[in-house]
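# Residue-level structure breakdown
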Amino acid sequence: MQLVAEAGDAPGEVAAPTDAAAPARFHTLIIVEDTWTGDDRLFTAGSLGWRDLPLPLMATDKTTYEHEDAILIGNIDTIERQGAEIHGWGPYLSNPSEDAARLIDLAQRGELRGVSADVD
């Protein structure tokens, strides 16, 4: 699972205008149902839902318990189920802190990979 910065890849979305002030958008595979997770969880097909959008996209480059050092880097404004896969899209922060900007840069370069869905 990897965050990918691409404009216009959400379902039915028109590519973002080439406005330098517009924040870059991301696409990520959030979770795959009917597939064992790395921490031995299995979510049956169609069993997962999500809260009202937008939802925060948090990131960290540290290994911590329960992702307690994660900081906000964007907002998920679109979620779609594609077969067993649940995908998310949204903008990175338009005015990120220095720490958030560093994490956004790592994600855009493909050096910060992986998504951990906070399932309640």
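Read on for a plain summary of the structure. (Residues numbered from 1 in each chain as written. Predicted model: local features only at pLDDT ≥ 70, side-chain atom pairs only at ≥ 80, totals over all residues. Heavy atoms only, no water.)

### Observations concerning the nonpolar core
The nonpolar side chains of soluble globular proteins are, as a tendency, buried together. Where we set the bar: We define the nonpolar core as a collection of buried residues of types Ala, Val, Leu, Ile, Met, Phe, Trp, Tyr and Cys that are connected through side-chain atoms lying within 4.5 Å of one another. Here the term buried applies to any residue with accessible area under 20% of the maximum for its type, exposed to any over 50%, and partly exposed to those in between, with areas from a 1.4 Å probe on protein chains only. Helix numbers and strand numbers start at the N terminus; a helix is a DSSP run of H or I with at least 4 residues, a strand a run of E with at least 2.
Within the largest apolar cluster, 20 residues are counted, with the highest numbers of intra-cluster contacts made by Ile31, Ile73 and Tyr92. Looking at this core, the elements that each hand over two or more residues are β2 (25–32), β3 (55–59), β4 (71–76) and α1 (98–108). Among the elements that make up this core, the one with the highest residue count is α1 (five residues).

### So, the side chain of arginine 25
What counts here: Under this definition, polar contacts are N or O atom pairs within 3.5 Å; protein pairs additionally need one hydrogen-donor-capable and one acceptor-capable atom, and for neighbouring residues in sequence, both atoms have to be side-chain atoms.
With respect to the secondary-structure elements, arginine 25 resides in strand β2. Given a relative accessible area of 13%, arginine 25 falls into the buried group. Polar contacts involving the side chain of arginine 25 include one to the side chain of aspartate 77, which spans 3.0 Å.

### Digging into the pattern of salt bridges
Just so we agree on the cut-off: Salt bridges are identified by distance alone: a Lys or Arg side-chain nitrogen within 4 Å of an Asp or Glu carboxyl oxygen.
Scanning all chains against the criterion turns up seven salt bridges. Between arginine 81 and glutamate 33 there is a salt bridge, and its shortest N-O distance comes to 2.6 Å. Of this pair, arginine 81 sits in strand β5 (residues 78–82) while glutamate 33 sits in the loop between β2 and β3, and the two are 48 residues apart along the sequence. According to the relative accessible area criterion, glutamate 33 is buried, its value standing at 2%. The salt bridge involving arginine 102 is made with aspartate 61; its shortest N-O contact spans 2.7 Å. Of this pair, arginine 102 sits in helix α1 while aspartate 61 is found in the loop between β3 and β4, placing the two residues 41 residues apart along the sequence.

### Regarding the environment of leucine 57
Examined against the element boundaries, leucine 57 turns out to sit in strand β3. With a relative accessible area of 8%, leucine 57 lands in the buried category.

### Digging into α1
Rules: What the arc covers is the set of directions going from the helix axis to the C-beta atoms. Any two residues whose heavy atoms approach within 4.5 Å are treated as being in contact.
Those residues of α1 that fall on the buried side of the exposure criterion are Ala100, Leu103, Ile104, Leu106 and Ala107. All buried residues of α1 lie within an arc of 160° about the axis, which places them on one face of the element. Buried residues in α1 make contact with β3 and β4. In the segment just after α1, glycine 110 is the residue with positive phi, at about 80°.

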